[in-house]
Amino acid sequence: MRPFVSVEELGKSYGALSVFEEVGFTIDKGEFVCLIGHSGCGKSTILNVVAGLDRPSAGRVIVDGSQVRGPSLDRGVVFQSHALLPWLPALKNVAFAVRSRWPRWSDAQVVSQAQKYLDMVHLTGSEQKKPSELSGGMKQRVGIARAFAIQPKMLLLDEPFGALDALTRGVIQDELLQICAATRQTVLMITHDVDEAILLADRILLMSNGPRAGIAEVVENALPRGRTRQTIHRDPRYYALRNHLLDFLVTRSRRYRNGAGSEAARTTPTELLPEESVP
Amino acid sequence: MQLAPGIRAALASLLLLALVLGVWHLATLPKASRQNADADYAALMGSPRSSLPAPLQIAQAAWLQLKSPFRNGGLNDKGIAIHLAWSLGRVLLGFAIAMLVAVPLGFLIGSSPFAYRSLNPFIQVLKPISPLAWMPLALYTIQDSSACSIFVISICSAWPMLLNTAHGVGSVKREWLDVARTLEVSPWRKGFHLLLPAAAPTILTGMRISMGIAWLVIVAAEMLVGGTGIGYFVWNEWNNLSLANVIFAIAVIGLTGMLLDLGFAGLGRLVAWQE
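Residues numbered from 1 in each chain as written. Chains lettered and ligands numbered in written order. Predicted model: local features only at pLDDT ≥ 70, side-chain atom pairs only at ≥ 80, totals over all residues. Heavy atoms only, no water.

What about the pattern of salt bridges?
Residues and elements named next belong to chain A. Across all of its chains, the model carries 21 salt bridges over all chains by this definition. A salt bridge links K153 to D74; the shortest N-O distance between them is 3.8 Å. Of this pair, K153 sits in the loop between α4 (136–149) and β7 (154–158) while D74 is found in the loop between β5 (66–67) and β6 (75–78), placing the two residues 79 residues apart along the sequence. On the basis of relative accessibility, which here comes to 34%, the residue K153 falls in the partly exposed class. We classify D74 as partly exposed; its relative accessible area is 31%. A salt bridge links D193 to R169; its shortest N-O distance comes to 3.0 Å. Linking D193 in the loop between β8 (186–191) and α6 (194–200) with R169 in helix α5 (residues 166–183), this pair joins segments that are 24 residues apart in sequence. Among the charged side chains, a network of salt bridges with common partners joins D64, D74 and K153. (Salt bridge = Lys/Arg side-chain N within 4 Å of Asp/Glu carboxyl O. Helix = DSSP H or I, 4+ residues; strand = E, 2+ residues; numbered from the N terminus. Buried < 20%, exposed > 50% of the residue type's maximum accessible area, 1.4 Å probe, protein only.)

Below, the structure is given as structure tokens:
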């Protein structure tokens with residue numbers, strides 16, 4: 001079967017400086033993929049290229065059979081800094097997106113769609129609050145509602161919880177899990193939080209450090225879907241996976257140099273295999 | 001008793017006003033003659049009334065003006081409200097014309113660095129030109145004197161609006177523009193639903209400055225153009241040597257300018273947003 005998203009030989013350079021090269025990966029329909037790397041490795045740029053907001057220096061991105069040539073309503077984006085319009089209350093921020101997606105809808109239809117997605121992120125009752133009156137977590141919830149409300153073919157999340165405190169982050173991660181399970185969305189998410197990646201992602205792409213960064217390893221999440229924040233850390237395979245990812249970020253990401261980029265095979269490290277993981 | 005800070009400040013203002021008026025009053029009291037010169041000699045020396053008018057004289061003049069603000073007894077005797085209405089009408093018309101040109105042009109300049117760079121030299125040269133310098137050119141080309149004053153107001157008040165609109169539109173956050181791009185928002189909708197509300201506070205600040213300039217310009221312009229308006233009134237009363245009326249007119253100009261400014265400040269609060 002043809003993959004839903006296919007990123008091929010992607011590269012970005014500014015003059016002589018190459019940020020990343022020969023980045024290639026695929027995402028299947030309904031899959032949740034996380035991209036982890038240190039800052040400066042160009043992971044946000046990769047997401048922007050998939051979104052169509054940025055142009056690559058080399059390579060191409062194919063989503064649902066057609067090449068990405070610019071931004072599209074087919075790909076919803078949740079921005080790192082929430083990017084809400086500060087003069088509009090929460091409901092109207094979502095409605096702005098809904099109206100863009102369905103210009104011919106009646107006002108009542110637009111409002112009911114926006115309300116439905118605000119309810120989904122548990123913001124019922126805060127519809128008329130301006131972003132300045134919302135907490136950081138609530139703002140990002142509006143951002144998530146806005147991205148889901150246009151019912152895109154896939155979602156792109158650029159470190160959406162980076163600015164939130166740990167408790168708020170956990171709650172919103174749970175909400176995101178539920179919504180993704182309910183809507184069967186295809187998601188590409190950027191993060192530098194290992195726990196977040198294990199909780200949310202079916203597959204984790206590890207990026208080496210820049211310049212000339214690349215995808216060093218692809219780690220299948222050995223923990224099956226249905227992961228929850230309450231139980232995940234009791235799974236015996238959890239710490240093995242976590243240690244593997246942390247080891248990569250702390251040591252291997254520095255040693256790795258691009259060149260074997262396309263050979264970055266799907267690694268399922270032996271210590272992560274279910275039968276071997278139980279001590 | 002502890003008064004609210006606002007009330008205390010207002011009381012201090014009133015006290016200061018009373019103090020200034022009191023000193024003024026004392027300074028303009030008719031001086032008692034040092035020598036008991038005879039009445040004829042005193043008359044020859046001129047009446048002490050020709051010096052700066054006393055506050056009470058100004059109040060008297062103001063009362064006479066305010067008693068019949070709408071009278072129309074010919075060129076030399078129009079009520080203060082009629083003059084004020086003419087001035088306000090010219091200012092609003094000139095301001096509106098400037099706005100219709102400056103705001104759309106500001107949008108263009110703000111959204112295109114190329115347009116900004118190519119038009120900036122002209123803006124910088126035209127901006128500091130005094131309204132009085134435009135007047136002869138305007139009188140020669142337009143000929144109609146009332147239209148001249150409107151033209152001069154327009155050309156002098158356009159610049160702050162133009163520059164502020166350009167700045168406001170140019171500094172709209174990149175991420176908001178990215179939101180619009182990912183939502184495939186049409187250029188028209190982006191202009192009215194994203195750029196305009198985002199830049200509105202900056203644009204309103206520009207309008208407020210522009211209105212202040214327009215109100216400064218109108219007095220000078222009407223002195224030259226003549227016939228009607230608060231500027232003409234000042235000049236006419238100067239020719240009548242009625243300084244009390246001149247000072248009354250100055251107060252009216254100041255108060256009207258303040259009200260216009262307050263109005264724009266209120267409009268600015270309506271469109272303000274907070275991140």
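Some details on the domain arrangement of chain B
All names here are of chain B. When the domains of chain B are assigned, the result is domain 1 (1–52) and domain 2 (54–274). Of the residues lining the interface, 6 residues belong to domain 1; the matching set on domain 2 comes to 6 residues. A combined buried area of about 560 Å² lies between domain 1 and domain 2, and 71% of that area is made up of carbon and sulfur atoms. The interface formed by domain 1 and domain 2 includes 0 salt bridges. Split into classes, the residues belonging to the side of domain 1 that touches domain 2 amount to 3 nonpolar, 2 polar and 1 charged. (Domains from an automatic or database assignment. Contact = heavy atoms within 4.5 Å. Buried area = accessible area lost by both parts, 1.4 Å probe. Nonpolar A, V, L, I, M, F, W, Y, C, P; charged D, E, K, R; others polar.)

Brief notes about the sheet that holds strand β2 (residues 17–27) of chain A
Residue and element names in this part refer to chain A. Overall, antiparallel pairing links the 4 strands, which are arranged β2-β1-β4-β5 in an open sheet. Every interior strand has two partners, whereas the edge strands, β2 and β5, have only one. Note: strand β4 (residues 58–63) against β5, 2 bridges, orientation antiparallel. Bridged to I62 within β5 is Q67. (Pairing = 2+ DSSP bridges.)

Points about the side chain of Q113(A)
Residues and elements named next belong to chain A. Looking at the secondary structure, you find Q113 in helix α3 (residues 107–120). On the basis of relative accessible area, Q113 is assigned to the buried category, the value being 7%. Setting aside residues up to four positions removed in sequence, Q113 forms contacts with V98, W102, W105, A149 and Q151.

What to know about the environment of I80(B)
All names here are of chain B. Turning to its location among the elements, I80 is positioned in helix α4 (residues 80–111). Measuring from C-alpha to C-alpha, the distance between I80 and K67 comes to 9.9 Å, with 13 residues separating the pair along the chain. What I80 contacts, discounting residues up to four positions off in sequence, is Q65, L66, P69, I230, F233 and F248.

Concerning the interface of chain B and chain A
Put simply, an interface is often sized by how much accessible area is lost when its parts join up. Chain B puts 17 residues into the contact, and the matching count from chain A is 20 residues. When the buried area of chain B at its contact with chain A is split by residue, T182(B), L183(B) and R189(B) rank highest and sum to 32% of it. The tally of links between chain B and chain A comes to 0 salt bridges. At the junction of chain B and chain A, the tally comes to 7 residue pairs in polar contact (both at pLDDT 80 or more). If you list the elements that add at least two residues to the side of chain B that touches chain A, you get α8 (174–182) and α9 (187–225) of chain B. Examining the composition of the side of chain B that touches chain A, we find that 6 residues originate from one element, α8(B), more than from any other. (Polar contact = N/O pair within 3.5 Å; in protein donor to acceptor, adjacent residues only side chain to side chain.)

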